[in-house]
Amino acid sequence: MALLLSGYQPLIAQRMAAGDKELLQWLDHATFAKAATGHFIAWRPDDPGRFVVLPPEHPTGTPCIQFESLDTDCTPEDTIEYVESGQFEADPPGELNICIEDPETGRPL
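In this text, all values refer to a predicted model and were calculated from it rather than measured experimentally. Position labels on residues start from 1 in each chain and follow its written sequence. Restriction of local features to residues with pLDDT of at least 70 applies here, the model being predicted, together with a cutoff of 80 or more for giving and counting side-chain atom pairs; totals for whole chains, interfaces and linings are based on all residues. Computation of side-chain values: all heavy atoms of the structure, hydrogens and water removed.

## What to know about the sheet that holds strand β3 (residues 40-43)
Rules: At least two bridges found by DSSP between two strands is the condition for calling them paired. Going along the chain from the N terminus, every DSSP run of H or I of four or more residues is numbered as a helix, and every run of E of two or more is numbered as a strand. Angles here are taken between N-to-C directions and fall from 0 to 180 degrees, while the axes themselves are lines fitted to C-alpha atoms, restricted in helices to the stretch in contact. Throughout, a contact is declared for two residues whenever any of their heavy atoms are within 4.5 Å.
Spatial ordering of the open sheet is given by β1-β2-β3-β4-β5, a layout of five strands whose pairing is antiparallel. On the outer flanks of this sheet lie β1 (3-5) and β5 (65-68), each paired with one strand and no other. With direction set aside, neighbouring strand axes in the sheet form an average angle of 25°. Where β3 and strand β4 (residues 50-54) come together, four bridges link them in antiparallel fashion. Along β4, the bridge assignment pairs Ala42 with Val52. In the packing of helix α1 (residues 10-17) onto the sheet, the strands contacted are β1, β2 (31-34), β3 and β4, and the crossing angle to β3 comes to about 90°. Helix-sheet contacts for helix α3 (residues 76-84) involve β2, β3, β4 and β5, and the interaxial angle to β3 is about 155°.

## Points about the nonpolar core
Across soluble globular proteins, nonpolar side chains show a tendency to be buried alongside one another. We count it as follows: Buried Ala, Val, Leu, Ile, Met, Phe, Trp, Tyr and Cys residues form a nonpolar core when they are joined through side-chain atoms within 4.5 Å. Categorising residues by exposure relies on relative accessible area from a 1.4 Å probe, with only protein chains included: less than 20% of the type maximum marks a residue as buried, more than 50% marks it as exposed, and the intermediate range marks it as partly exposed.
Among the nonpolar cores identified, the biggest contains 15 residues, and Met16, Leu23, Leu27, Phe32, Ala42 and Val52 are the most heavily contacted of them. Among the elements of the structure, α1, α2 (21-27), β3 and β4 are those that each provide at least two residues to this core. For this core, the element with the most residues is α1, which contributes four residues. Discounting residues that sit within four places of it in the chain, Leu27 has contacts with Tyr8, Ala13, Met16, Ala17, Phe32 and Ala42.

## Structural notes on α3
Listed as buried for α3 are Asp78, Thr79, Ile80, Tyr82 and Val83. Against the buried residues of α3 lie β2, β3, β4, β5 and α4 (87-90). The first or second residue beyond α3 is Gly86, which carries a positive phi of 90°.

## Some remarks on the pairing of β3
Of the two faces of β3, the one carrying Phe40 and Ala42 and the one carrying Ile41 and Trp43 are both buried. The sheet contact formed by β2 and β3 spans four bridges and is antiparallel. Residue Phe32 lies in a different strand from β3, and its bridge partner there is Ala42. Remark: six residues form the turn of the hairpin made by β3 and β4, two consecutive strands paired antiparallel; Gly49 in that turn has positive phi of roughly 90°.

Written out as structure tokens, the structure reads:
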């Protein structure tokens, strides 16, 4: 279960941005959570479908992983579940559709 962090997290944001001023500005208005796996996840309600993920062993000074869902109905909860399931680490980087529905349950994967 993820821990929702209170307020702006400047140290996490700086690690996520790794010098990218545009991303750092975007993160200034983001909500942050720490997944049970140790990943930090950031998102903004005014930018649905865009998520920023910082894995626990991510090299310092290297920009974190950003992705946009093809389905803007995806929620932060869907993203947290995706990261905590291990699927995030298994998938290659790039644009991900994290809201593919399981044909048996109808729930997002």
